[in-house]
Amino acid sequence: MAEVFPSSLIPRENPNLRLGIKSSLNSFRQIIASLFAIYTVADTPTDVAYSEEYSNNGTTAIRLASTFCDSIKIKYANIDNISDLISDSPLFKSQIEALQVGIELFLHLGKISFVQSSRQERTGKERYAKSISFSDKMLVLDAYIAAYSKDEINHWLNSWLKGNNTESRIEKGLKNILSTFIIDCCYKIKKTDGTEIVFNIENIYKELAFGNQVLFKDGEIVGPMRVLNSYIDEGLLPDVRKNKNTFITINGEESDLKKRKSMMSISLDLVSRRLPTTDNVSIKSKPLLIKYYRNKVGNYLTALRTKPFMLLAGISGTGKSRIVRKLAQATVTEELQRADGYKGSDWKNDRWTLHSPANFELIQVKPNWHNSMDVIGYLSNIPSPHYVFTPFIEFIVKAWQHPEVPFFLCLDEMNLAPVEEYFAEFLSAIESRSFEGGEYMTDPIIKPFNSFGSATDENGKETNIGNIMINTLFPNFKASDTDSAAAKIIKHFRTKGLTLPKNLIVIGTVNMDETTFSFSRKVLDRAMSVEMNEVNYDSFLTDTTDDELKAIVKAFEGNEDTELNALLVDRHIEAKEIIEELGEDAQFAIDYLKRINALLEGTPFKLGYRAANEALIYLHASHEFGQTDRIAALDNFTLMKILSRIEGDETKLKITDSEADKERLSNAGVNVDVAKQYGDLNILTALRNIITVQLGETVNTDVDSDATEETATENNDEMVSTEQNKKDLLSVKKIDSMLSQLKRDHFVSFWN
């Protein structure tokens, strides 16, 4: 046994607070009692497969795993039908999402996951086998309960498994212990005026201590608030009860409540955490970057918040690759840069002059790239078996080791070679993003290292290829560092392959000329496409071209609630996560896309589910960057994801007098007479009509729609008249440009 120093701190991600989910959870007594019984007979506290599947009248259901039934019956022999009581609890009846909120976020008793990771539980009664890894909170419960006699434990356990209140000594003590477990869980109330409040138990006790009643229902109850509501309903939270739509203090317990509130506050002060807000100011009233959103950098950030894959297109020399480097400079941390060799003393200024930020890599695409070997590497037997890694892979491995920092990979001149040929693995992986038991996952771009097997070297010695791959990527790793962050990454690579980390952002720069390849819709569907043709010689002359980005970074530095890096790392994947927060904006966006798709029916330009998903996520991202105007957001999205797909000659884009085309126009609500005012009737003129009807002709560039003269004065901003802040929609201007090109060249492409 060697004498070693402790391993380094393990980086941990902030949990998904799930503030907007609609799943409910009841009968906490049954859940806690069932978990306790399972914990006391489990051989190990981790990966406890406590349930098994069976068919219940054709529906898949779960019950207590047979491996636990006998041991539980023996340990608790005085409780009749204990296995059935446990199997009847919500631990087996509720959906996994509700269990994860209640057991993980609320009580912190452990992590719940499916035994088979591919399972999903939505609506309906299908339930699938689950496992739990217990937290050390179970040690506390076990130690407390074990202090009582066997008869008292059996009486308490039997009552709680049936959902009954025992009024016993065990129950009273458990309520106090459990109340310390839930103090840092976060809740959200959506007020009828559209604003939101995020809070925790401390804020409830604070108001009750002042003698107030605390409103908890103003509209629909969602997220962990549903769980708290049920928990208080069952009388499990000391000092607090429900009275219709308010929480109230139990008579005679005001002094206990004040004492508990004070102790909660101290505990929260001692816990290192990052909460969504620091006070009860409504989220909506704290917009970020209102002044800066409508600039081009704000658009880039919103696109990257939506999806970590972007195409930057434009004429040569407009600074496409430079902006990627600048984004890396804006997000690299001083700690990471110092580990990469930075030795300066003026970080705030020096960061903007870094030629090689530690989170930046530029890869020049070569015209002869016609397979993925130059991107993901290959297995070679010369001179001995080994895997040849590329700068692309080495950069991804580096990103894995710094999960809270965005890593920017710039593929320069991306379309000098056919993207579908050399980037196939990435294009597939980027669309497989999901969360598996809370862990971010994609399909691997290199298969699991353990699957490479062994090979014989030139000396006839058998060599494990996976070990060689690990030693190449982690030359300083020691096998004794079993609890280090690197060990977890290595285990992931060995068993699941080299997948994409969530902090990796790939940006391809694009020039369209006779030396390059055009993009297929497969690529365009997977990327956010942004044009970069603007040239501002005035800012170039005064050396202020970077001021927009610097201003955004400064704005985030002054905002305690949100970090730029977090927005570019922890992004939403599925629109269902944020639909409720979008409110009526979600339906507005879907109605807009439905009209466009009705027009594109039967054409290769038709949108799929992916476009709708990304439209809603983009709209939500624009809110997060301070853009409260849905028109401006959908205008930008139209450029990035709809117009970028349209390419062809006059025949391909033409709309005829056929019955099918008439039906398309009718379903899309196109005013043919108005559309013809823009030129010959075709997809572009019809699209222009839909856009102007749905979004209008102009957009308000003073995006702080709630701004007043008072707030402007506080921010040293000048109020500008509404008319001065109106600009033509970017998508309308682009369509007009494309129509001119079609008329001139008889062919049109978004990229020219």
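Going along each chain's sequence as written, the residues are numbered from 1 onward. Note on the predicted model: pLDDT of at least 70 is required for a residue's local features to be given, and 80 or more for side-chain atom pairs to be given and counted; whole-chain, interface and lining totals, by contrast, use all residues. In computing side-chain properties, one takes all heavy atoms of the structure into account and sets aside hydrogens as well as water.

Novice: Can you explain the pairing of strand β8 (residues 240–243)? Please cite residues and give values.
Specialist: Two strands pair when backbone bridges link them, and β8 and strand β9 (residues 246–249) are joined in this way by four bridges, in the antiparallel orientation. Within β9, the position partnered with Asn243 by the bridge is Thr246. In this description, strands pair whenever DSSP reports at least two bridges between them. For the purposes of this entry, the term helix denotes a DSSP run of H or I that reaches at least four residues, the term strand denotes a run of E that reaches at least two, and both are numbered from the N terminus.

Novice: Help me get a handle on the state of the cysteines, residues and values and all.
Specialist: Disulfides are defined in this document as cysteine sulfur pairs within 2.5 Å. A complete count under the given rule lists zero disulfides for this structure. In this structure Cys186 is not part of a disulfide, and its nearest cysteine sulfur, from Cys185, lies 6.5 Å away. Its relative accessible area of 4% is what places Cys186 among the buried residues. The rule is simple: take the accessible area with a 1.4 Å probe, protein chains only, and divide by the maximum for that residue type; under 20% is buried, over 50% is exposed, in between is partly exposed.

Novice: Pulling in residues and values, what's your account of the packing of helix α27 (residues 584–600) against helix α28 (residues 609–624)?
Specialist: Helix packing for two helices is described by the angle between their axes and how far apart those axes are. Helix axes are fitted only over the stretch in contact, all axes being lines through C-alpha atoms; the angle between N-to-C directions runs from 0 to 180 degrees. Contact geometry for α27 and α28: axes closest at 10 Å, N-to-C directions at 140°. One way to sum up the angle between α27 and α28 is to call them oblique. The interaxial crossing formed by α27 with α28 has right-handed handedness. For the pair α27 and α28, contact is made by Asp585, Ala586, Ala589, Ile590 and Leu593 and by Ala611, Ala612, Ala615, Leu616, Leu619 and His623, respectively. In the contact of α27 with α28, the residues fall into nine nonpolar, one polar and one charged. Any angle from 65 to 115 degrees is called roughly perpendicular, while one under 35 is roughly parallel, one over 145 is roughly antiparallel, and all others are oblique. Crossings are assigned a handedness: left-handed for a near helix turned anticlockwise from the far helix by less than a right angle, right-handed for a clockwise turn. Contacts are residue-level and defined by heavy atoms, with any inter-residue pair within 4.5 Å sufficient. Only Asp, Glu, Lys and Arg are considered charged, only Ala, Val, Leu, Ile, Met, Phe, Trp, Tyr, Cys and Pro nonpolar, and every remaining residue, Gly among them, polar.

Novice: Can you tell me about the packing of α27 against helix α31 (residues 659–668), naming the residues and giving the values?
Specialist: Two elements in contact, α27 and α31, have axes whose closest approach is 8 Å; the angle formed by their N-to-C orientations is 175°. For the element pair α27 / α31, the angle class is roughly antiparallel. Residues Arg595, Ala598 and Leu599 of α27 lie in contact with α31, whose contacting residues are Arg664, Leu665, Asn667 and Ala668. Its residues assigned to classes, the contact of α27 with α31 comprises four nonpolar, one polar and two charged.

Novice: Now, about unusual backbone geometry: what can you tell me, with residues and values included?
Specialist: Of the consecutive residues Ile382 and Pro383, the connecting peptide bond is found in the cis state with omega at -5°. With respect to the helices and strands, the residue Pro383 is situated in the loop between β12 (378–380) and β13 (386–388). Residues other than glycine seldom take positive phi values, yet Asp47 does so here, at roughly 50°. Structurally, Asp47 can be placed in the loop between α1 (28–41) and β1 (51–56). Classification of Asp47 as exposed rests on a relative accessible area of 59%. Positive phi is not limited to glycine here, since Asp239 has a value of about 80°. On the secondary structure map, Asp239 appears in the loop between α10 (224–233) and β8. Judged by its relative accessible area of 3%, Asp239 falls in the buried class.

Novice: Got a sec to walk through empty space enclosed by the protein? Specific residues and values, please.
Specialist: A cavity here means a set of 1 Å grid points, computed over protein atoms only, where a 1.4 Å probe fits but cannot escape. A pocket is an open set with protein on both sides within 12 Å along at least 5 of 7 lines, and lining residues have an atom within 4 Å of a point. Grid points are joined across faces, edges and corners, and a volume is the space filled by probe spheres set on the points. In this structure the tally under the stated criterion is two cavities of 30 Å³ or more. Quantified by volume, the second largest cavity comes out at close to 40 Å³. Pro308, Phe426, Ile430, Arg433, Tyr440, Leu500, Pro501, Leu504 and Val506 are the residues that line the second largest cavity. Residue classes in the lining of the second largest cavity are distributed as eight nonpolar, no polar and one charged.

Novice: Which residues make up the sheet that holds β9, and what are the values?
Specialist: Read across the open sheet, the three strands follow the order β7-β9-β8; overall the sheet is antiparallel. Pairing within the sheet leaves two strands with one partner each, and these edge strands are β7 (214–215) and β8. Pairing between β7 and β9: two bridges, direction antiparallel. Looking at β9, one finds that Val214 is bridged to Phe247. Sitting on the sheet, helix α9 (residues 201–209) touches β7, β8 and β9, and the angle it makes with β9 is about 60°. Sheet strands touched by α10: β8 and β9. Its angle to β8, the strand with the most contacts, is close to 100°.

Novice: Can you tell me about the pattern of salt bridges, naming the residues and giving the values?
Specialist: Only one rule defines a salt bridge in this text: a Lys or Arg side-chain nitrogen within 4 Å of an Asp or Glu carboxyl oxygen. On inspection of all chains with the given rule, the structure shows 29 salt bridges. A salt bridge links Arg169 to Glu152; the shortest N-O distance between them is 2.8 Å. In this pair, Arg169 is assigned in helix α8 (residues 169–181) and Glu152 in helix α7 (residues 150–161), connecting sequence segments 17 residues apart. For Arg169, a relative accessible area of 54% corresponds to the exposed category.

Novice: A description of the side chain of Ser89 should follow, citing residues and the corresponding values.
Specialist: By the secondary structure assignment, Ser89 is in the loop between α3 (82–87) and α4 (90–93). Look past the residues within four positions of Ser89 in its chain and what remains in contact with it is Gln30 and Ser34.

Novice: I'd love a proper account of the packing of aromatic side chains, names of residues and values included.
Specialist: A pair of Phe, Tyr and Trp rings is counted when the ring centres sit within 6.5 Å of each other, with Trp represented by its six-membered ring. The angle between the planes then sorts it: under 30 degrees is stacked, over 60 is edge-to-face, the rest tilted. For the structure shown, the criterion picks out 24 aromatic pairs. Ring geometry for Trp156 versus Trp160: centroids 5.4 Å apart, planes at 50°, classification tilted. Here the residue Trp156 and the residue Trp160 both occupy positions in helix α7, the gap between them amounting to four residues, near one helical turn. Residue class for Trp156 comes out buried when judged on its relative accessible area of 1%. Ring plane angle 70° and centroid distance 5.4 Å describe the contact between Trp369 and Tyr422, whose orientation is recorded as edge-to-face. On the criterion of sequence distance, the pair formed by Trp369 in the loop between β11 (360–364) and α16 (373–376) and Tyr422 in helix α18 (residues 419–422) is long-range, its members being 53 residues apart. The same class applies to Trp369 and to Tyr422, which are both buried.

Novice: I'd love a proper account of the pairing of strand β2 (residues 59–64), names of residues and values included.
Specialist: Here β1 runs beside β2; their pairing, made up of six bridges, is antiparallel. Bridge pairing in β2 places Glu52 opposite Arg63. Joining the antiparallel neighbours β1 and β2 is a turn of two residues, in which Asn57 adopts a positive phi near 55°.

Novice: Requested: an account of the sheet that holds strand β19 (residues 504–510), with residues and values cited.
Specialist: Hydrogen bonds along the backbone pair up the strands of a sheet, which may run parallel or antiparallel. Reading across the sheet, the five strands line up as β11-β14-β19-β10-β20 and stay open at both edges, with parallel pairing between neighbours. Two strands bound the open sheet, and with one partner strand each, they are β11 and β20 (528–531). Averaged over neighbouring strand pairs, the angle between their axes works out to 20° when direction is ignored. Where strand β10 (residues 309–313) lies against β19, five bridges are found, and the strand directions are parallel.

Novice: Describe the nonpolar core, and please don't skip the residues or the numbers.
Specialist: Here, nonpolar core refers to any group of buried Ala, Val, Leu, Ile, Met, Phe, Trp, Tyr and Cys residues whose side-chain atoms link them within 4.5 Å. Counting residues in hydrophobic clusters, the biggest one holds 133 residues, and the most contacted among them are Phe309, Leu311, Phe392, Phe423 and Ile446. Looking at this core, the element that brings in the most residues is α27, giving nine residues.

Novice: Now, about the environment of Ile735: what can you tell me, with residues and values included?
Specialist: Residue placement: Ile735 occurs in helix α35 (residues 730–745). Beyond its immediate chain neighbours, meaning those up to four positions away, Ile735 contacts Leu643, Leu684, Leu687, Arg688 and Ile691.

Novice: Lay out the side chain of Arg664 with the relevant residues and their values.
Specialist: The topology assignment puts Arg664 in helix α31. At 2.7 Å, the side chain of Arg664 and the side chain of Asp661 are in polar contact. Setting aside residues no more than four positions away along its own chain, Arg664 makes contact with Ala598, Leu599, Glu601, Thr603, Ile655 and Ile683. For the purposes of these results, a polar contact is taken to be a pair of N or O atoms within 3.5 Å, where, inside protein, one atom must be able to donate a hydrogen and its partner to accept one; residues adjacent in sequence count only when each atom of the pair is a side-chain atom.

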